[in-house]
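# Overview (structure and organization)
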Amino acid sequence: MRRFSKLCVAAGLAAAAFVATSPAQAGYHLIRWQDSGLCQIWDESIPTTPWPAGSHRASATVATFLDALALKDHALKTKACTW
């Protein structure tokens, strides 16, 4: 039993090390709600679609959240999106 516990701890540590060293594959883009014109940053790593329906993709995919925030800022300044 003691050997099995050590094996489980070792496997857990190995899995944690693998996850910590693997690069993040998240991407972000803007969605725009059709009824209100509001824009929102959407994380593509979320396996669901925006709810309720009524949104559409308003930008290309960017690598970081800060890049998506810059896109949203530009969209607000050009009045492509509202608050």
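Right above here is the structure, for reference.
Residues numbered from 1 in each chain as written. Predicted model: local features only at pLDDT ≥ 70, side-chain atom pairs only at ≥ 80, totals over all residues. Heavy atoms only, no water.

## Digging into the side chain of His29
- Mapped onto the elements of the fold, His29 is located in strand S1 (residues 28-33).
- Beyond its immediate sequence surroundings of up to four residues, His29 is in contact with Gln40, Ile41, Trp42, Glu44, Arg57, Ser59, Ala60 and Thr61. (Helix = DSSP H or I, 4+ residues; strand = E, 2+ residues; numbered from the N terminus. Contact = heavy atoms within 4.5 Å.)

## A few points about the packing of aromatic side chains
- Considering all chains together, one arrives at one aromatic pair under this definition.
- Relative to Phe65, the ring of Tyr28 has its centre 5.8 Å away and its plane inclined at 80°; by these criteria the two rings are edge-to-face. Of the two residues, Tyr28 sits in strand S1 while Phe65 sits in helix H2 (residues 65-77), which places them 37 residues apart along the sequence.
- Residue class for Tyr28 comes out buried when judged on its relative accessible area of 17%. (Phe/Tyr/Trp six-rings, centres within 6.5 Å; stacked < 30°, edge-to-face > 60°. Buried < 20%, exposed > 50% of the residue type's maximum accessible area, 1.4 Å probe, protein only.)

## Section: a nonpolar patch on the surface
- On the surface, Phe65, Leu66 and Leu69 cluster together into a nonpolar patch covering about 310 Å² of accessible area.
- Relative to the helices and strands, Leu69 resides in helix H2.
- For Leu69, a relative accessible area of 40% translates into the label partly exposed. (Patch = residues over 30% accessible without salt bridge, like charges linked within 9 Å, V, L, I, M, F, W, Y side chains within 5 Å. Areas by Shrake-Rupley, 256 points an atom, 1.4 Å probe, with all protein chains shown as cover. Salt bridge = Lys/Arg side-chain N within 4 Å of Asp/Glu carboxyl O.)

By themselves, these figures tell us nothing about what the structure is for.
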